[in-house]
Amino acid sequence: MNNTTKLILPLLLASGGSLQAQQQTLSLQGTVKNGAVAVVYLQRFENKIFTVIDSAQVKNGGFSFRRRLPLPELYGISTQRDVVPSYVFLDAGDNKVTIDATDENRQKVSLSGSKSQQLFEEYRAQRKPDIRSFIQKYPDNIVSSYLLYREWSYRLSPEELEANIALLSERQQQSRYIQDLRKIIAVTRQVAVGKKAPAIVANDPDGNPQALYDHLGKYTLIDFWASWCPPCRKENPNIVANYQKYKSQGFEIYAISLDKKKEAWLKGIADDHLTWQHVSELKYWNSDIAADYAVRAIPANFLVDEQGTIIAKNVRGEELGKVLDSLFNQAKVEIGGLKKDFKGQNPISYESTKSQEIVKQEGGIFSVDKRVFFTNDYDGARLNGLQKSSDGVYHVQVAPERTPINPSPWYGFQVWAARDTTIRIQLDYPSGVHHRYDPKVSKDGTSWNKLSGASFDLPVSGERTWVSAQSNVPSKAVYQWIEQVNPAVQLQKTEAGKTGLGKALNVYVVGNPESKKSIAVLGRQHPPEITGHYAYASFVEYLLGNSADAKEFREKYRIYLIPIVNPDGVDLGHWRANANGVDLNRDWSEFNQPETIALRDYFKKEIGQQGRQLYFAIDFHSTGSDIYYTVDPALPSRFPGFIPNWITSVKEAIPGYEPLVKPLYLGGPTFTAYSYFYKNYNAEALVYEIGDNTDPDFIQRKARISAQKLIEKLNES
Ligand SMILES: [Zn+2]
């Protein structure tokens, strides 16, 4: 069964009940001025369409309607049968209408006696209407419900719409406009970022059915447009330009037209040179596809990945190019010719690292129905709010510690229920934030399974189930791990300083204390970067292992291990920052934060003042895909070519592996840790980025080989 049908059906049944406006007696007295009119029509607005429900003969310039009708509601008055009428909000009781027939084609209708009509006109007279304040002023008037439904449903997010519905009186919350709006909200949620795009099959210009899922490229734009829609036509050249630019890399477009007439549709395609897949039901706004996608205004689009998962909505203009650029232009560079002119992440630019206020999540147990319980009351949790929608879905709000912020939407919570059941959870992100981490679930906090999408089914019981963006590895677990990697190895634990929250910031030192040669290995500046932590762990396990080369290495070198640079951020469930709201990997120039200050001073003492040399520094992170960020090879270095040679030896040890390398430090201030160690200690330094979704076995294998090859080279130095 298709999801949309499943969710909509119960709602439709519910609204068939008794929740309509009350049948009341309408009394409408009309006058016609300045012209002759024979008949006046009364129209009712239903399903976005006006239909004639009554008519009255005009006698001596007067007419009247008197009948039982649902009131108050929006009706229409016209002097011809098949025209869009003038909108009138009729109230129960006496309504007076004047039709000014001076202009035969455009009669002016004015209505008095109706309070609703007055409010409607008040709203329309506003230059910049604000629905929220209007509803607050008139929570119990049908006009508020109508406007929210008709004029705001496609402008506000489901959450904003629900917040506005909550401001309405109970009676208005039951009005038919709000019931229709709730259906729209339910469909909108089905096409949220992270959801699978609903299937589409419709005819192409030759009349052959074309299924969306048969036309998916690496990334596909599902584009809603029509030849009659000027803003769509205006956007078309931009889409054409992007299509030409990225088509060869796997960018596809599947366009749905809301045209009525085939000729107009085909002419629009030809005139705008739209050479991609086109389909149309030729049903204008009655399009079922538009309804399935909750499209109520065009242009509208959905960007989906290879699997049809929605990754962005309504990307237009310049933004479309930017999004496609970031999707298609992951740096891919030959090891030998480390070039400066390739794309991918831009060099790090300045941002202030002065402490700033963070938004704290409220900790505790959340429940909206006393049947299912959520908690964020543990290290590494993040849950900013909980709601249950009318379709029974639990909406988990996920918000960052501050904005703006790198989009690494970390979430984490435990959930349990009074009785065994399966619930549906939807992760709600702030607008503009894309679902990045598919949920990982665990019964014990140790072994984790991966689910898919921002909306997922979860069996729950009396026992707690963990759900998080990646497996949860709080600071305590990191320290426990490193302290027991190899009991045979003497690991010296030193507290370099305290974090903002007063936790110990530990450095673990191993190897020959007399050696003047050293390396530093840094982990977890950015809390959600768990795959980076796993790479770190495998790398360090090799360094601390019992192999002959590792033992020789520890004889020759002093090794500084900082397994977690940002324990506060990790334990607070942050997306990026420490407890002072700062991205620590931007603070290695100004040193405003306790963690970076502690490490700077620690290394000054250990390296600078001991006559020791730092040969090598590596910092582990996670991002979209595996990549090494390096120092510009044109800059001076202790061992020129060391890092490219090392990466090449890793590549050769893993058949089929094509490393991506990008020099990101090109000189100037050292915002990042690795560039700081390069610039201040002349260390061969780099960032080791591993993909968010890189296979765990590969993470481990590559990290071990990387450690082994590094040791091989350094043992020779
Ligand atoms: Zn990072």
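Procedures and definitions
- Residues numbered from 1 in each chain as written.
- Predicted model: local features only at pLDDT ≥ 70, side-chain atom pairs only at ≥ 80, totals over all residues.
- Helix = DSSP H or I, 4+ residues; strand = E, 2+ residues; numbered from the N terminus.
- Buried ≥ 20, exposed ≤ 12 C-beta atoms within 10 Å, placed from the backbone.
- Contact = placed C-beta atoms within 7 Å.
- Domains from an automatic or database assignment.
- Axes fitted to C-alpha atoms, helices over the stretch in contact; angles between N-to-C directions.
- Parallel < 35°, antiparallel > 145°, perpendicular 65-115°, else oblique.
- Left-handed = near helix turned anticlockwise from the far one by under 90°.
- Nonpolar A, V, L, I, M, F, W, Y, C, P; charged D, E, K, R; others polar.
- Pairing = 2+ DSSP bridges.
- Right-handed = clockwise from strand over helix to strand, strands pointing away.
- Expected span 1.5 Å × (residues − 1).
- pLDDT = per-residue confidence, 0-100.

It is worth spelling out the overall build of the chain at this point. If you tally the helices and strands in the chain, you get 19 helices and 33 strands. Projected onto its principal axes, the C-alpha coordinates of the chain cover approximately 115 × 55 × 45 Å. Considering the chain as a whole, with its 717 residues, one finds that 42% of them fall into the buried category. Within the chain, residue pairs in contact and separated by at least 24 positions form 71% of the contacts whose partners lie at least 6 positions apart.

Partitioning the chain into structural domains gives domain 1 (31-124), domain 2 (126-190), domain 3 (201-328), domain 4 (365-468) and domain 5 (475-716). Here the C-alpha centroids of domain 3 and domain 4 sit 33 Å apart.

A word on the packing of helix 17 (residues 642-653) against helix 19 (residues 696-716). Two numbers describe how helix 17 lies on helix 19: the axes approach to 9 Å, and their chain directions differ by 130 degrees. Judged on the interaxial angle alone, helix 19 and helix 17 are oblique. At the point where helix 17 passes helix 19, the crossing takes the right-handed sense. Taking contact as the criterion, the partners of W646, S649, V650 and A653 in helix 17 are, on helix 19, K702, I705, S706, K709, L710 and K713. Taken together, the residues of the contact of helix 17 with helix 19 sort by class into 5 nonpolar, 2 polar and 3 charged.

On to the sheet that holds strand 26 (residues 492-498). Read across the sheet, 8 strands follow the order 26-27-29-28-30-33-31-32 without closing on themselves; strand pairing throughout is mixed. Only two strands of the sheet have a single neighbouring strand rather than two, namely strand 26 and strand 32 (661-665). Averaged over all neighbouring strand pairs, the angle between strand axes comes to 25 degrees, with direction disregarded. In terms of strand pairing, strand 31 (residues 627-631) meets strand 33 (residues 684-691) through 4 bridges, oriented antiparallel. Each bridged residue has a counterpart across the sheet, and for Y629 the counterpart in strand 33 is V687.

Turning our attention to the pairing of strand 12 (residues 251-257). Here strand 12 lies mainly inside the structure; 6 of its 7 residues are buried. By the bridge criterion, 4 bridges tie strand 12 to strand 13 (residues 277-280) in an arrangement that is parallel. When the sheet's bridge partners are listed, S257 is paired in strand 13 with S280. In this view, the connection linking strand 12 to its parallel neighbour strand 13 by way of helix 9 (residues 262-271) has right-handed handedness.

Before going further, it helps to examine the environment of S367. Here S367 lies in the loop between strand 16 (365-366) and strand 17 (372-375). Leaving out residues up to four positions away in the same chain, S367 has contacts with V372 and F373.

With 15 residues, helix 7 (residues 176-190) extends 22 Å from end C-alpha to end C-alpha; this agrees with the ideal 21 Å at 1.5 Å per step. Of all 15 residues that make up helix 7, 11 are buried, and the element is covered over most of its length. Within helix 7, burial applies to Y177, I178, Q179, L181, R182, I185, A186, V187, T188, R189 and Q190.

Attention shifts here to helix 4 (residues 142-152). Counted residue by residue, helix 4 has 8 buried out of 11 residues, so it is predominantly covered. Along helix 4, the positions that sit buried rather than exposed are I142, V143, S144, S145, Y146, L147, L148 and Y149.

In this structure, V201 sits in strand 9 (residues 201-203). Separated by 80 residues in sequence, V201 and E281 have C-alpha atoms that sit 9.6 Å apart. Discounting chain neighbours no more than four positions away, the residues touching V201 are P209 and A211.

Glancing now at the packing of helix 14 (residues 548-556) against helix 19. With their axes 10 Å apart at the nearest point, helix 14 and helix 19 run at an angle of 50 degrees to one another. Here helix 14 lies oblique to helix 19, going by the angle between them. Relative to helix 19, helix 14 is oriented so that their crossing is left-handed. Of helix 19, the residues touching helix 14 (which contributes D549, A550, E552, F553 and K556) are Q708, I711, E712, L714 and N715. Residues belonging to the contact of helix 14 with helix 19 are distributed by class as follows: 4 nonpolar, 2 polar and 4 charged.

Below, the discussion takes up the sheet that holds strand 1 (residues 23-33). Reading across the sheet, the 4 strands line up as 4-1-7-8 and stay open at both edges, with mixed pairing between neighbours. Strands with a single pairing partner mark the edges of an open sheet, and in this sheet they are strand 4 (62-70) and strand 8 (108-112). Sheet twist, expressed as the mean angle between neighbouring strand axes with direction ignored, is 25 degrees. Two elements, strand 7 (residues 93-100) and strand 8, share 5 bridges in a ladder whose sense is antiparallel. Within strand 8, the position partnered with I99 by the bridge is V109.

To continue, consider the confidence of the model for the chain. Across the chain, the average pLDDT comes to 89, with 94% of residues at 70 or higher. Contacts of residues 1-19 to residues separated by more than four positions or lying in other chains number 18 contacts, the stretch itself having pLDDT below 50. Scored below 50 in pLDDT, residues 331-344 shows 31 contacts in the model against residues more than four places distant or in partner chains.

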